[in-house]
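In case you want the letters, here they are:
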Amino acid sequence: MNKIIEILEELKPGVDYKNTENLIDGRYLDSLTILSLVSELEEEFDIEIPTVEIIPDNFNSVEKINSLIEKLKED
Amino acid sequence: MKNTIKIIMFITIAAIIYMSLSYLFIPKLNIKKYGMYNTSMYELLAEKQNTIDTIVLGDSLVYSAISPMEIYSKHGYTVFDCAEPAQIMSDAYEYYKIAIDSQNPKIVIIEPNMFFRDPKEKPWFNKTLKILKNVFPLVKYHNNWKNLFFGKNWGHINKGYIKILHTKSGFEYDYMAEELNDNPYVKGKYKAIIPSKNNIYIKKIIEDCKKRNIKVLLLGVPSQRCWNYEKHKVIMKLSKQYGVEYINLNLDDRIDIDWKKETKDRGNHLNYLGAKKVSEFLGNYLNSTNIVESHKHKKGYEGWDQVLKTYMKS
Amino acid sequence: MLIFFTKFYNFFFLIITFFYNLFPKKARPILLLLVSLVFFYLMSSKLIICLFSTITSIYLSTILMGKLDEKKNELLDGKSSEEKKQIKKIYNRKKKIVLIACILLNFSFLFLFKYLKFFTINSNHLLNLLNINYQFSVLKIIAPIGISFYTLQALSYLFDVYYGKISADKNYLRVALFISFFPQIVEGPMARYSDTAEDLYKGNDITYANFTSGMQRILWGLFKKMIIADRLNILVKMVFSGYAVYSGPICFIGALGYTIMLYMNFSSTMDIVIGIGEILGVKIPENFRQPFFSKSISEFWTRWHISLGLWFRDYIYYPISLSKTMKKLTINSRKIVGNYFGPLISGTIALFAVWSLNGLWHGAGWTFIMFGMYHFVMIFTGNLFEPLIRKTFVKFNLDRENIYYRIFRSIKTSFLVIIGELIFRAPSVKVALVMLKKVFTDFNIKISEMSSLGLDILDYIILFVALVLVLIVGILREKNISIRQEIGKMNIIVRWAIFYIMIFVILIFGAYGIGYQPVGPMYADF
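Note that the coordinates shown come from a computational prediction; the quantities given were computed from them, not determined experimentally.

Conventions and cut-offs
- Residues numbered from 1 in each chain as written.
- Chains lettered and ligands numbered in written order.
- Predicted model: local features only at pLDDT ≥ 70, side-chain atom pairs only at ≥ 80, totals over all residues.
- Buried ≥ 20, exposed ≤ 12 C-beta atoms within 10 Å, placed from the backbone.
- Helix = DSSP H or I, 4+ residues; strand = E, 2+ residues; numbered from the N terminus.
- Arc of directions from axis to C-beta.
- Contact = placed C-beta atoms within 7 Å.
- Nonpolar A, V, L, I, M, F, W, Y, C, P; charged D, E, K, R; others polar.
- Pairing = 2+ DSSP bridges.
- Axes fitted to C-alpha atoms, helices over the stretch in contact; angles between N-to-C directions.
- Parallel < 35°, antiparallel > 145°, perpendicular 65-115°, else oblique.
- Left-handed = near helix turned anticlockwise from the far one by under 90°.

A. Local environment of helix 9 (residues 193–202) of chain C. Residue and element names in this part refer to chain C. What helix 9 keeps buried is the set Y193, D195, T196, A197, L200 and Y201. In an axial view of helix 9, the angular spread of the buried residues amounts to 160°, which keeps them on one side of the axis. Residues of helix 9 that are buried sit in contact with helix 3 (28–44), helix 6 (147–162) and helix 7 (172–180). Positive phi appears at G203, one or two residues downstream of helix 9, with a value of about 65°.

B. Broad picture of the interface of chain C and chain B. Opposite the 14 residues of chain C that make contact, chain B presents 17 residues. With 7 residues, the top contributor of residues to the side of chain C that touches chain B is helix 21 (residues 492–509) of chain C. Looking at side-chain class alone, the side of chain C that touches chain B contains 11 nonpolar, 3 polar and no charged residues.

C. Just the pairing of strand 3 (residues 107–110) of chain B, in detail. All names here are of chain B. Neither face of strand 3 is exposed, since I107 and I109 on one face and V108 and I110 on the opposite face are all buried. Summarising the sheet, strand 3 and strand 4 (residues 215–220) pair through 4 bridges and their orientation is parallel. Counted as the bridge partner of I109 is L217 from strand 4.

D. Region of the structure containing the sheet that holds strand 2 (residues 79–83) of chain B. Residues and elements named next belong to chain B. An order of 2-1-3-4-5 is seen for the 5 strands of this open sheet, with the pairing classed as parallel. Since the sheet does not close on itself, it has two edges, and those belong to strand 2 and strand 5 (245–248), each with one partner. Between one strand and the next, the sheet's axes are offset by a mean angle of 20°, whatever the strand orientation. Pairing geometry for strand 4 and strand 5, over 4 bridges, is parallel. The residue of strand 5 that forms the bridge with G220 is N248. Contacts from helix 10 (residues 229–242) reach strand 4 and strand 5 within the one sheet, and its direction differs from that of strand 5 by about 160°.

E. Structural view of the interface of chain C and chain A. Taken together, the 21 residues of chain C in the interface contact 14 residues of chain A. Those elements that place two or more of their residues in the side of chain C that touches chain A are helix 13 (306–321) and helix 14 (324–362) of chain C. In terms of residues, the side of chain C that touches chain A owes the most to one element, helix 14 of chain C, which gives 10 residues. When the residues that make up the side of chain C that touches chain A are grouped by side-chain class, the tally is 8 nonpolar, 8 polar and 5 charged.

F. Representation of the packing of helix 4 (residues 68–75) of chain B against helix 11 (residues 272–289) of chain B in the model. All names here are of chain B. Relative orientation of the contacting elements helix 4 and helix 11 amounts to 50°, with a least axis distance of 9 Å. Relative to helix 11, the element helix 4 is oriented oblique. Judged by the twist between their axes, the crossing of helix 4 over helix 11 is right-handed. Touching E70, I71, K74 and H75 of helix 4 are K276, S279, E280, L282, G283, L286 and N287, all from helix 11. Classifying every residue of the contact of helix 4 with helix 11 gives 3 nonpolar, 4 polar and 4 charged.

G. Representation of the packing of helix 4 of chain B against helix 12 (residues 302–313) of chain B. Residues and elements named next belong to chain B. With their axes 10 Å apart at the nearest point, helix 4 and helix 12 run at an angle of 115° to one another. Comparing the axis directions of helix 4 and helix 12 gives the class roughly perpendicular. As for the relative orientation of helix 4 and helix 12, their crossing is left-handed in sense. Every residue of helix 12 that contacts helix 4 at M69, Y72 and S73 is listed here: W304, L308 and Y311. Along the lines of polarity and charge, the residues of the contact of helix 4 with helix 12 split into 5 nonpolar, 1 polar and no charged.

So far we have only geometry, and geometry alone does not tell us how the molecule works.
As structure tokens, then:
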């Protein structure tokens, strides 16, 4: 969790990542940030995020990103 | 149940508002005399009394071929198309009576194609169409809001004419030839018989005009589908019998319709380009009769001058 | 006559609403499908074969993909990880072949009907230019109605099955209804399978609440279309056909009028479609979200024609920018140019692909390609300067969320959009350039010209009042206030009065009848 927040802070500072629940729908993260985020997460957690998982529902909060990573790790 | 009542209530109130607003919007010049139903039924009743010098009776051929505003803009004559789709003679007579009651025309032009129409032809269809067209006075006259709130009611823009811009080419075929072979429109023999019931109305109209000293012109409007030589012969005879003038533009040299460009539905009706030609002809004809005079910029005809501006823009 | 009565569309809709509840639940989806097919047949007659081919090809391909997945999973059971990898590879390839074949088939229809003419004409120009004495004959083909919309919607289902987002539906009727549902087929919105397929097939009763709520939405749509769009149509036609004689400001007003007209016309159609959906108990996704409040062009495209933007994002932008090569590129370049500009490279490549296709999707013509490129450049420059602007604001300690600055940004974005729509509407690139030159160099305002645009002062007043109302509704929606719910809370007299006023305002002030020509559906003939 903290690692994800760290990554996000680095990519786009100034957002309260812990408490925001609409990172995508609220337009905190645009598509460019998503591109960096995906490649960063893949490197960091040694996973592969398929395109189909890139939907607002998976990225709207840090918790959701975390559960996505957990899910992909299991695969 | 409760909801059904609600829906019925809602629609009833809407209908009441609709009717009241219709009354507000309908041209009221003649409404006292003829009532709301007739006023919305007969477009001519939107016109000021005794301002129309020429009325044209007929069917769809008329309202797609003669544009009164074209004539007014050039000559200042006031013409009105008293025409309805698939007009039957009894209805035409009805319209004539209404017209003669509210107007004082000097010339009555009749398009004789409707003489041949079976009086029993689709009467329910025509009636329904007519009623449908006229239960909506608010829809028909809604553009009067500009006049209603900010000026006067100037009447119809097109004076009975219906403007159609698109083209659907007709055939290159001499449809008025005496001998007819392979006509693309009509299979078999031509029928050119005027039903006897129609003769009664024709007589009524023409004799009434004579009594009132109104000039009658039988004017055949160009249509590849509706006209043929047989019909022409019958009308020729009829015109001699009554001693009225007869011009058939399907045969006349003074007008040349390009059936490739100037028809909206394969030679049946004219489009705007064709209508311009026919209207120009009619304007010149009226000019040559010396019966009607120009009303342009004259007192009492401000409505026509106003409407002309809108017509030119549309 | 009432234009909304003469259109097949509304006619069908009325029939459906009257008789829908009388049908047994199971027969309702069949009824909807039949009506949709009859509607399509009336609009495009024999070309219905294209629709059938699309439905059937999509259906068979997705079923096949499902079968391949099943088989793969069977084989995977109890294999070593090395073997697993091998099996996965084989089956993924098979799936990909099915995907590509199906895409090619459906794109070939799209190409034949929409782009062949454009390509033959331009090849002929090219041959002429090269002094080769040969010309292809130009085929005159009329496209099936809504082909651009239903093809993309059908493909979205294909992609979703391919990516494993949803499983293949074995029910042909449901797939057919999803693709051909008649309100959506003319102008969208393009829904995803998970959005509408289930609900359409359920055949729920039309309830009083759904009916009234849907009708209110439709009424609002008619208001926007008949009062604003159809009225502006006159002005827009005047300016774009007589652009040569008009001054710069008038050309701009023409483009502004066109932008408003397009928005009102398109969004009103969406109101009607979504309203019909609501009546039938189907939640059709929204296609507009107050686009002119956007702070940037890229935000604009998340609020305008949303379903198209999402389609391009999900099936073009991400697949390209997150492909293996691009990911590598992103990681490497981030190390060199930093966190912001790193992904910008792959993002821009994907963006270029999106906007080339987006331009072409809007129509086969150079103006549309120019329109696409214009938006590409606008979004790209926006992205490029974003860090600089952000830094400047931080440096001078300015608040970027300041209301005045937000309004300024919305106006700036709207201006850029209007310029884009000018290009979009212009009959040719040449005309677009002439008009643009006028807009940016000729500032001679002649008030007299305003009255020669076919509208009189009363029309302008009506337009102004109606647009203010649309703006207020937009602001309320932006604040997440549901207007229909608020109206629903009012007492019945006030509520009905509002509806009556709406109905009769449309009937009286609507731009229909002699002298007006309604705007046709925007893309229906594409």
